[in-house]
Amino acid sequence: MEYDGVMFYPREHHNDIVTSDLARFGHRERVIAGEILWAWNTQGLPADFEDGYETRIMFNTQSGYVFLDNGEACQTAVMEGRDLVMFYCLGYQGIEGTLEELEEEFKANGETWHEEDIETFRDIQEFHNKRKEAQNA
């Protein structure tokens, strides 16, 4: 809807917590979106980020996170320093973070984690360790 040259969106449009509408990104969020695109172009996607799905930049308006999402595969990548890395969600207790954040959380509170989350976390670590070994070979 347009009124005197200014676009107005129906109220429900602004109620979405997570959006890919760049008009709703602020300056900070657009800068992060640019960093994500730069990292994708120069480094590629994280090795365990499944390609072939609708991939888009998303903004969580409540948390402030800006991230890359591949929709149907339910995977997320975020910037960690200058690197584009996976953001994991462990399925049983919903513990979230990058590998580095999960490792810190496990050191601090791993004894409270459910065994399914520990198994998933160990699988993620193993994937990354094998990848490092292959790169160093």
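Scroll up to find the structure.
Residues numbered from 1 in each chain as written. Predicted model: local features only at pLDDT ≥ 70, side-chain atom pairs only at ≥ 80, totals over all residues. Heavy atoms only, no water.

1. Points about the pattern of salt bridges
Oppositely charged side chains can pair when the atoms bearing their charge come close.
Stage number 1. Scanning the model with the defined rule gives 4 salt bridges in all.
Stage number 2. The residue E29 makes a salt bridge to R28 at a minimum N-O spacing of 2.9 Å.
Stage number 3. For R28, a relative accessible area of 44% gives the class partly exposed.
Stage number 4. Among the salt bridges present, the one from K130 reaches E126, with a minimum N-O distance of 3.0 Å. Pair noted here: K130 and E126 are both in helix α3 (residues 115-136), with a separation of 4 residues, about one helical turn. (Salt bridge = Lys/Arg side-chain N within 4 Å of Asp/Glu carboxyl O. Buried < 20%, exposed > 50% of the residue type's maximum accessible area, 1.4 Å probe, protein only. Helix = DSSP H or I, 4+ residues; strand = E, 2+ residues; numbered from the N terminus.)

2. Description of α3
Stage number 1. Taking 1.5 Å of rise per residue, 22 residues should cover 32 Å, and α3 covers 31 Å from first to last C-alpha, within 8% of that figure.
Stage number 2. Listed in full, the buried residues belonging to α3 are D117, F121, I124 and Q125. Buried positions in α3, seen along its axis, are confined to an arc of 95 degrees and lie on one side of it. Relative to its buried face, α3 has exposed residues pointing more than 90 degrees away, namely E115, E119, E133 and A134.
Stage number 3. Taken together, the buried residues of α3 touch β7 (83-89) and α2 (99-109). (Expected span 1.5 Å × (residues − 1). Arc of directions from axis to C-beta. Contact = heavy atoms within 4.5 Å.)

3. Regarding α2
Stage number 1. Burial in α2 covers these residues: L99, L102 and F106. The buried residues of α2 occupy an angular sector of 60 degrees when projected down its axis, which confines them to one face.

4. Quick notes on the packing of aromatic side chains
Stage number 1. What the rule picks out here adds up to 5 aromatic pairs.
Stage number 2. Taken together, a centroid distance of 5.0 Å and an interplanar angle of 70 degrees make the contact between F106 and W113 edge-to-face. For the residue pair F106 and W113, the accessibility class agrees, reading buried in each case.
Stage number 3. Between W113 and F121, the ring centres sit 5.4 Å apart and the planes meet at 75 degrees, which makes this aromatic pair edge-to-face.
Stage number 4. Judged by its relative accessible area of 6%, W113 falls in the buried class.
Stage number 5. Against the face of W38 rests R82, its NZ or CZ located 4.3 Å from the ring centre. (Phe/Tyr/Trp six-rings, centres within 6.5 Å; stacked < 30°, edge-to-face > 60°. Lys NZ or Arg CZ within 6 Å of the ring centre and 35° of its normal.)

Such coordinate-based values are descriptive only and should not be taken to indicate function.
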